[in-house]
Amino acid sequence: LVLWSGFLILSGWAGSLSENLKNELRTSHLLRTELVKDKEHLKVLNDRLVTVNQKLEEKVEKRTQELEQSNEELKKLSWTDPLTQLLNRRSCEERFKSEIARFERTQEPFCIILGDLDHFKSINDSYGHNAGDYVLVEVANILKENSRKTDMVFRWGGEEFLFLLTGTEMKGGIITGEKIRKKIEENVFEHNQQTLPVTMSLGISVYKEGQGMEDCVKNADENLYSAKKTGRNRLHPQPDSLNI
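The notes below deal with the structure included here. (Residues numbered from 1 in each chain as written. Predicted model: local features only at pLDDT ≥ 70, side-chain atom pairs only at ≥ 80, totals over all residues. Heavy atoms only, no water.)

1. Some thoughts on helix α4 (residues 129–145)
With 17 residues, α4 ought to run about 24 Å at 1.5 Å a step, and its terminal C-alpha atoms sit 24 Å apart, in line with that. Along α4, the residues classified as buried are A131, G132, Y134, V135, L136, V139, A140, I142 and L143. (Helix = DSSP H or I, 4+ residues; strand = E, 2+ residues; numbered from the N terminus. Expected span 1.5 Å × (residues − 1). Buried < 20%, exposed > 50% of the residue type's maximum accessible area, 1.4 Å probe, protein only.)

Here's what the structure looks like:
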């Protein structure tokens with residue numbers, strides 16, 4: 001009886017254990033099934049997240065490019081004369097500093113030419129400001145067309161223009177200045193079926209070590225004044241002063 005009772009108890013325990021094991025197996029199977037579904041769902045979510053991030057990166061990159069382009073355009077506007085599209089006085093100051101720094105490194109000379117249109121006020125008074133603007137634009141085009149790639153042309157202010165000639169001494173400056181003067185003198189300026197009298201006087205200055213931009217421009221301005229005083233439509237120093 002004792003043995004039989006033990007057998008029955010053991011059988012009941014084993015049956016209970018077997019039932020519990022079946023329940024655990026069913027639970028495990030259900031959990032694995034849910035896990036598979038969750039993995040599939042997570043994969044879908046991850047794929048969507050990757051797509052969204054790619055689109056976001058593309059938009060950020062595009063926006064960055066637009067901002068960089070806008071900044072470049074603003075910079076160009078701040079350094080460019082709106083009428084003639086030449087570099088303006090502000091940009092001249094920056095370029096001049098760079099040229100001085102280059103001179104200090106290499107000792108390669110450079111010079112400036114300051115040009116002023118003769119009797120420009122009379123053109124505005126006689127033919128109108130539209131005619132004056134036309135003259136400024138045409139002169140700017142002549143200056144650009146007759147410049148080397150390494151040279152820089154600026155609208156200094158009003159009817160004044162400034163050339164920054166890299167790697168150029170006085171002789172080269174005189175050659176360039178006289179070429180410009182003749183091109184302007186020979187050009188036919190016509191506005192509203194009227195021919196406008198346009199000439200330019202020019203003064204040259206070679207940069208000297210230790211000078212600031214103001215001193216170099218002042219020397220060119222003094223030579224420009226001499227050109228005006230001695231008859232206009234001329235260059236100072238004159239070509240014959242160096243047997244050119």
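2. Examining the environment of R148
Within the fold, R148 resides in the loop between α4 and β2 (152–157). For R148, a relative accessible area of 41% translates into the label partly exposed. Distance from R148 to T176, taken between C-alpha atoms, is 9.7 Å for residues 28 residues apart in sequence. Not counting residues up to four positions away in its chain, the partners in contact with R148 are L165, T166 and T168. Within the structure, the side chain of R148 is placed 2.9 Å from the backbone oxygen of T166, a separation counted as a polar contact. (Contact = heavy atoms within 4.5 Å. Polar contact = N/O pair within 3.5 Å; in protein donor to acceptor, adjacent residues only side chain to side chain.)

3. A few points about the pattern of salt bridges
Applying the stated rule across the entire model yields ten salt bridges. The salt bridge involving E185 is made with R181; its shortest N-O contact spans 3.4 Å. Of this pair, E185 and R181 both sit in helix α5 (residues 170–186), four residues apart, which is roughly one turn of the helix. Owing to a relative accessible area of 40%, E185 belongs among the partly exposed residues under this scheme. Given a relative accessible area of 10%, R181 falls into the buried group. (Salt bridge = Lys/Arg side-chain N within 4 Å of Asp/Glu carboxyl O.)

4. Some remarks on the pairing of strand β1 (residues 110–117)
The buried fraction of β1 is high, at eight of eight residues. Here β1 shows no split at all, with F110, I112, L114 and D116 on one side and C111, I113, G115 and L117 on the other all buried. As judged from the seven bridges shared by β1 and strand β3 (residues 160–166), these two strands associate in the antiparallel manner. Directly across from C111, in β3, lies its bridge partner L165. Pairing analysis gives seven bridges linking β1 to strand β6 (residues 200–206), with the strands arranged antiparallel. (Pairing = 2+ DSSP bridges.)

5. Here's the deal with the sheet that holds strand β7 (residues 235–236)
Sheet architecture is open: five strands sit in the order β2-β3-β1-β6-β7, paired in mixed fashion. Edge strands, defined here as strands with exactly one partner in the open sheet, are β2 and β7. Here β2 pairs with β3 via five bridges, running antiparallel. Its bridge partner being in β3, M152 is matched across the sheet by L164. Across the sheet, α5 lies against β1, β3, β6 and β7, angled at about 170° from β6, the strand it touches most. (Axes fitted to C-alpha atoms, helices over the stretch in contact; angles between N-to-C directions.)

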